[in-house]
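The residues making up each chain are set out below.
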Amino acid sequence: MPTELKDIYMSFCKFGDPSNKGTMTGAKFFKFCKDCKIADSKITRTDIDMLFAKIKVKGTRTITFSIFKSAIPQLAAKKYGPGSEEKLTDLIKKNGFSKSSGTKAKATRFHDDKSQYTGVYKNGGPSSVSGHKITLSKMMDRSKANVRGVNYRYDHNK
């Protein structure tokens, strides 16, 4: 197997952990299978987890590149049938390196549509930076106020 496979393996090992020296966890093994389009209806997450548990050394949680290479024929046999390692290797090279796909928020009517805003968000609130002193008597005055909550008696913008 060419050195390209080693580079692809290392890109998945280092994904999210740049200091990784070349060990792959079960989660990264699944990410490798998913990003390289190995995982499908024939090879499910359960199959990948079972294969990882089978190939790793007992008592460890990671695999090395040599163990990883031993999984390729087993994945190929499951996906394409026996003796199809070359076809799987080509698929891995074609789909290559790890992909980062962040979560995108869906549009929310109450957040995105400003005409739906209510209360302080729609009208604004009283301003404490208007340059006018707020005293206890002004604060406790319960006479009529405008939509911003500013008392008409003390509204200096009239």
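Summed over all chains, the structure comprises eight aromatic pairs. With 4.9 Å between their ring centres and 75° between their planes, Phe32 and Phe68 make a pair best called edge-to-face. Of this pair, Phe32 sits in helix α2 (residues 26-35) while Phe68 is found in helix α4 (residues 65-80), placing the two residues 36 residues apart along the sequence. Within the aromatic cluster, the residues linked to one another by ring pairs are Tyr9, Phe12, Phe29, Phe32, Phe52, Phe65 and Phe68. The positively charged end of Lys31 is found above the aromatic ring belonging to Phe15, 4.5 Å away from the centroid. Looking at Arg45, its charged tip hangs above the ring of Phe30, at a distance of 4.0 Å from the centre.

For residues that are not glycine, phi is negative in most cases, and the peptide bond is trans in most cases. Here Lys37, not a glycine, exhibits a phi torsion of approximately 65°, which is positive. Examined against the element boundaries, Lys37 turns out to sit in the loop between α2 and α3 (45-55). Of the residues examined, Lys37 reaches a relative accessible area of 49% and is grouped as partly exposed.

A few words now on the environment of Phe12. You can see Phe12 is positioned in helix α1 (residues 3-14). The buried category is assigned to Phe12, whose relative accessible area is 1%. When the C-alpha atoms of Phe12 and Lys28 are compared, they prove to be 6.4 Å apart, with 16 residues separating the residues in sequence. Phe12 has contacts with Met24, Lys28, Lys31, Phe32, Asp35, Cys36, Gly96, Phe97 and Ser98, leaving out every residue within four places of it along the chain.

Before going further, it helps to examine the nonpolar core. In terms of nonpolar packing, the biggest core is built from 29 residues, with Met24, Phe29, Phe32, Ile38, Phe68 and Ile92 touching the most fellow members. At the level of secondary structure, the elements contributing two or more residues to this core comprise α1, α2, α3, α4 and α5 (85-95). Here this core takes seven residues from α4, the largest share from any one element. Ignoring sequence-local partners within four residues, the contact set of Phe32 consists of Ile8, Phe12, Met24, Ile38, Phe68 and Ile92.

Basis of the calculations
- Residues numbered from 1 in each chain as written.
- Predicted model: local features only at pLDDT ≥ 70, side-chain atom pairs only at ≥ 80, totals over all residues.
- Heavy atoms only, no water.
- Phe/Tyr/Trp six-rings, centres within 6.5 Å; stacked < 30°, edge-to-face > 60°.
- Helix = DSSP H or I, 4+ residues; strand = E, 2+ residues; numbered from the N terminus.
- Lys NZ or Arg CZ within 6 Å of the ring centre and 35° of its normal.
- Buried < 20%, exposed > 50% of the residue type's maximum accessible area, 1.4 Å probe, protein only.
- Contact = heavy atoms within 4.5 Å.
- Core = buried A, V, L, I, M, F, W, Y, C linked by side-chain atoms within 4.5 Å.

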